[in-house]
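Observations on chain architecture
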Amino acid sequence: MRKVIMMSLMALMALTASAQKFALIDMDYILKNIPAYERANEQLNQVSKKWQAEVEALNTEAATMYKNYQNEVVFLSQEQKKKRQEDIMKKEKDASDLKRKYFGPEGELFKKRESLMSPIQEEIYTAVKDISELRGYSLVLDRASDGGIIFGSPKIDISNEVLEKLGYSVN
């Protein structure tokens, strides 16, 4: 009896699984074919370089202050030494704070990336959702992610269809 129930359940699962439709997308390919994404990335790179230069300038200033301190330490009074050390530590802290402000987990770069990329990602999601509903796909996987897809037939890749839905010509 148990064997019959198990066979029935396996047959039911096989029927259910075969009735579902799947599709793949290649998010990297899609993003590379969207000019707004490339522009956003360039904008992020430029602002990142600018902010990195600001942080490096403060670090260089702190390093110069320390080097000067090392050269003059023998001529300084205890009070002057303490003041210089505090100034150096403050400059190093300013550099660290600025780095955290720009590049920290909730920093300016993160916020800028969110503001530039979210609309693009939302557009892609909406296009994938529309295509899925139209074609009856139960699941759409991203072959570009580390999802462990070993093989996916090009027949079920809808990346070009997504790009067309977004209004971009496909090479």
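Remember, predicted model here, so these are calculated numbers, not experimental data.

By size, the foremost hydrophobic cluster in this structure holds 27 residues, and its most contacted members are Ile-30, Ile-34, Ile-120, Ile-124, Ile-158 and Val-162. Put simply, the parts of the chain that give this core at least two residues each are β1 (21–25), α2 (27–32), α3 (35–72), α4 (78–103), α5 (108–135) and α6 (159–165).

Before going further, it helps to spend a moment on the confidence of the model for the protein chain. Overall, the predicted model of the protein chain reaches an average pLDDT of 86, with 85% of residues at or above 70. Low pLDDT, under 50, characterises residues 6–12; the predicted model gives this stretch zero contacts beyond four residues in sequence or across chains.

So, on to the side chain of Asn-33. Checked against the element boundaries, Asn-33 lands in the loop between α2 and α3. A relative accessible area of 18% means that Asn-33 is categorised as buried. One polar contact links the side chain of Asn-33 to the main-chain carbonyl oxygen of Tyr-29, over a distance of 2.7 Å.

Scanning the entire structure with this criterion turns up three aromatic pairs. Pairing Trp-51 with Tyr-102 gives two aromatic rings, centres 4.5 Å apart and planes at 5°, and the pair type is stacked. Taken together, the positions of Trp-51 in helix α3 and Tyr-102 in helix α4 put the pair 51 residues apart, joining distant regions of the chain. Of the two residues examined, Trp-51 and Tyr-102, each falls in the buried class. Measuring from ring centre to ring centre gives 6.5 Å for Tyr-66 and Tyr-69, while their planes differ by 35°; the resulting arrangement is tilted. Highlighted residues: Tyr-66 and Tyr-69, both in helix α3, separated by three residues, approximately one helical turn. Judged by its relative accessible area of 42%, Tyr-66 is partly exposed. An aromatic cluster is present here, built from Trp-51, Tyr-102 and Phe-103 joined pairwise through their rings.

What follows concerns the environment of Arg-84. Positionally, Arg-84 belongs in helix α4. A relative accessible area of 28% places Arg-84 in the partly exposed class. Between the C-alpha atom of Arg-84 and that of Asn-68, which follows or precedes it by 16 residues, the distance is 9.7 Å. In contact with Arg-84, not counting residues within four places along its chain, are Asn-68, Tyr-69, Glu-72 and Leu-76. Within the structure, the side chain of Arg-84 is placed 2.7 Å from the side chain of Glu-72, a separation counted as a polar contact.

Turning our attention to the pattern of salt bridges. The final tally for this structure, using the stated rule, is 11 salt bridges. In this structure, Lys-50 engages Glu-54 in a salt bridge whose closest nitrogen and oxygen atoms are separated by 3.9 Å. Placement of both Lys-50 and Glu-54 in helix α3 is noted, with a separation of four residues, approximately one turn of the helix. Owing to a relative accessible area of 29%, Glu-54 belongs among the partly exposed residues under this scheme. Between Asp-130 and Lys-165 there is a salt bridge, with its nearest N and O atoms 3.9 Å apart. Placement of Asp-130 in helix α5 and of Lys-165 in helix α6 is noted, with a sequence separation of 35 residues between them. Residue Lys-165 is classed as partly exposed on the basis of its relative accessible area, which comes to 46%.

Calculation notes
- Residues numbered from 1 in each chain as written.
- Predicted model: local features only at pLDDT ≥ 70, side-chain atom pairs only at ≥ 80, totals over all residues.
- Heavy atoms only, no water.
- Core = buried A, V, L, I, M, F, W, Y, C linked by side-chain atoms within 4.5 Å.
- Buried < 20%, exposed > 50% of the residue type's maximum accessible area, 1.4 Å probe, protein only.
- Helix = DSSP H or I, 4+ residues; strand = E, 2+ residues; numbered from the N terminus.
- pLDDT = per-residue confidence, 0-100.
- Contact = heavy atoms within 4.5 Å.
- Polar contact = N/O pair within 3.5 Å; in protein donor to acceptor, adjacent residues only side chain to side chain.
- Phe/Tyr/Trp six-rings, centres within 6.5 Å; stacked < 30°, edge-to-face > 60°.
- Salt bridge = Lys/Arg side-chain N within 4 Å of Asp/Glu carboxyl O.

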